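Summary of the model geometry
Letter by letter, the chains look like this.
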Amino acid sequence: MFALGREDTTAPRLTDLLPANEAAQAGRLIARAASGESIEGFETDLSIKGERTIHIAVTLSPLRDASGRITAASAVARDITSRREAERRRLIEHRVAQLLAESAPVKRTMPPVLETLCQLLCLECAAQWDFDAAANGFQRACLWCRPDWDGEAIGAGIGAATAWDGAGLVAAVSGTR
């Protein structure tokens, strides 16, 4: 899970693997485990050699010698990235369903739906495009951008309409139906 090489085979300290803001809390939890307490449910993000980030759940336990004296603390980390992603998907589905259940017209409902999707998916901008059969193309119906972005400039840049030419990504996605 940690992508450690042969030169890294000595067990790294948990506090060395965590972001600085989490290392202090992990140090306190390790101290509690070293004093005899078992700790479960510590969840955090972990950067794997700066290449990717995973979510982990850590269990800390005291290690005792034959006489029962605590000699160290053990940390076991489990990759819970897929669980966290599933929880996030469920949260998105719930929030969007909640917004749609309010039965407001789509024109009023779509901006908060786009905002919710962007915030939960860490996106900066999103648009709703409606198909206009008379114009044989798409009309931009709604645009949401982060508050610190210039939505009007972005809207002008992407345009208010685009032609349906039967080619490109839109055609490929629509063609699969």
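Residues numbered from 1 in each chain as written. Predicted model: local features only at pLDDT ≥ 70, side-chain atom pairs only at ≥ 80, totals over all residues. Heavy atoms only, no water.

This part is about the pattern of salt bridges. Using the criterion set out here, one finds 8 salt bridges in the structure. Arginine 83 serves as the salt-bridge partner of glutamate 43, at 2.5 Å between the closest nitrogen and oxygen. Here glutamate 43, found in strand S1 (residues 39-48), pairs with arginine 83, found in helix H3 (residues 81-101); they are 40 residues apart in sequence, far enough to count as distant. Its relative accessible area of 36% is what places arginine 83 among the partly exposed residues. Close ionic contact of glutamate 43 with arginine 84 constitutes a salt bridge, the shortest N to O distance being 3.1 Å. Taken together, the residues span a long stretch of sequence, with glutamate 43 in strand S1 and arginine 84 in helix H3 at a distance of 41 residues. Residue classification places glutamate 43 among the partly exposed positions, given a relative accessible area of 30%. Residue class for arginine 84 comes out partly exposed when judged on its relative accessible area of 23%. (Salt bridge = Lys/Arg side-chain N within 4 Å of Asp/Glu carboxyl O. Helix = DSSP H or I, 4+ residues; strand = E, 2+ residues; numbered from the N terminus. Buried < 20%, exposed > 50% of the residue type's maximum accessible area, 1.4 Å probe, protein only.)

Read across the sheet, 3 strands follow the order S4-S5-S6 without closing on themselves; strand pairing throughout is antiparallel. Strands at the two margins of the open sheet, each flanked by one partner only, are strand S4 (125-132) and strand S6 (161-163). Mean inter-strand twist for the sheet, computed between neighbouring axes without regard to direction, equals 30°. Pairing of S4 with strand S5 (residues 137-145), which is carried by 8 bridges, proceeds in the antiparallel orientation. Bridge pairing in S5 links phenylalanine 131 to phenylalanine 138. (Pairing = 2+ DSSP bridges. Axes fitted to C-alpha atoms, helices over the stretch in contact; angles between N-to-C directions.)

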